[in-house]
Amino acid sequence: MNTLSRPSQVAPIENRVAAIEAVFEQRGMEPKPFIETMTHAAEEEWVPRNGGRVVAKAWTDPAFRQRLFANGKDAVPNWV
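Fair warning: this is a prediction, and the values are worked out from it, not measured in the lab. Here the residue numbering is sequential within each chain, running from 1 through the sequence in written order. Predicted model: local features are reported for residues with pLDDT of at least 70 only, side-chain atom pairs are reported and counted for 80 or more only, and whole-chain, interface and lining totals are derived from all residues. Side-chain figures throughout are based on the complete set of non-hydrogen atoms in the structure, without hydrogens or water.

Moving on, we get to the overall build of the protein. Only DSSP runs of H or I with at least four residues qualify as helices, and only runs of E with at least two residues qualify as strands; both kinds are numbered from the N terminus onward. Each helix and strand in the protein was counted, giving five helices and zero strands. From first element to last, N terminus to C terminus, the protein shows the α and β order α-α-α-α-α. A simple rule labels every residue: compare its accessible area, found with a 1.4 Å probe on the protein chains alone, to the largest value its type can have, and call it buried under 20%, exposed over 50%, or partly exposed in between. By residue count, 12% of the 80 residues in the protein fall in the buried class. Roughly 7,100 Å² of accessible area belongs to the protein as shown, and the carbon and sulfur atoms make up 58% of that amount. Residue burial considers only the protein chains on display, and all accessible areas are found by Shrake-Rupley using a 1.4 Å probe.

Turning our attention to the pattern of salt bridges. In what follows, salt bridge is the name for a side-chain nitrogen of Lys or Arg lying within 4 Å of a carboxyl oxygen of Asp or Glu. Per the counting criterion, the structure on display carries one salt bridge. With a closest N to O distance of 3.2 Å, Asp 61 and Lys 57 form a salt bridge.

Looking now at the packing of helix α1 (residues 13-26) against helix α2 (residues 31-45). Comment: axis = line fitted to C-alpha atoms, over the contacting stretch for helices; angle = value between 0 and 180 degrees taken between N-to-C directions. Relative orientation of the contacting elements α1 and α2 amounts to 130 degrees, with a least axis distance of 9 Å. What the angle tells us is that α1 and α2 run oblique. For the pair formed by α1 and α2, the contact residues are Glu 21, Phe 24 and Glu 25 on the first element and Pro 31, Lys 32 and Ile 35 on the second. For this classification, the nonpolar set comprises Ala, Val, Leu, Ile, Met, Phe, Trp, Tyr, Cys and Pro, the charged set comprises Asp, Glu, Lys and Arg, and every other residue, Gly included, is treated as polar. When its residues are assigned to classes, the contact of α1 with α2 shows three nonpolar, no polar and three charged. Angles below 35 degrees are treated as roughly parallel, those above 145 as roughly antiparallel, those between 65 and 115 as roughly perpendicular, and all remaining angles as oblique. Two residues form a contact once any of their heavy atoms are found within 4.5 Å.

What follows is about a nonpolar patch on the surface. Grouping into patches uses exposed residues only, defined as over 30% relative accessible area, and leaves out salt-bridged ones; the cut-off is 9 Å for like charges and 5 Å for nonpolar side chains (Val, Leu, Ile, Met, Phe, Trp, Tyr). A cluster of nonpolar side chains, namely Phe 34, Ile 35, Met 38 and Trp 46, defines an oily patch on the protein surface of about 430 Å² accessible area. Here Trp 46 lies in the loop between α2 and α3 (48-60).

The subject of this paragraph is the nonpolar core. Of all hydrophobic cores here, the largest spans five residues; its members are Val 54, Ala 58, Phe 64, Leu 68 and Ala 75. For this core, the secondary structure elements donating two or more residues are α3 and α4 (62-70). Working definition of a nonpolar core: buried Ala, Val, Leu, Ile, Met, Phe, Trp, Tyr and Cys residues. They are joined through side-chain atoms within 4.5 Å.

On to the packing of α3 against α4. Running from N to C, α3 and α4 point in directions that differ by 120 degrees, and their axes come no closer than 5 Å. Considering their axes alone, α3 and α4 lie oblique with respect to each other. Of α4, the residues touching α3 (which contributes Val 54, Lys 57, Ala 58, Trp 59 and Thr 60) are Pro 62, Phe 64, Arg 65 and Leu 68. Taken together, the residues that form the contact of α3 with α4 break down as six nonpolar, one polar and two charged.

This is the structure we're talking about:
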């Protein structure tokens, strides 16, 4: 018999995020700048449009394709 049980109610995501941020801050960490940076990256830079542009560039530019296959993390930021 499984002795673990799930709570009948789960706190809203906003409350859980606030609790995690509070623990980080109590330990001298600053999560807010990191969260803001990553939110910006996810919303503005990691969009499907950029992925399509990378694929199109790789199809039309053999040198870029070689750089992309060799090391995508280094090739893409220099171009996108």
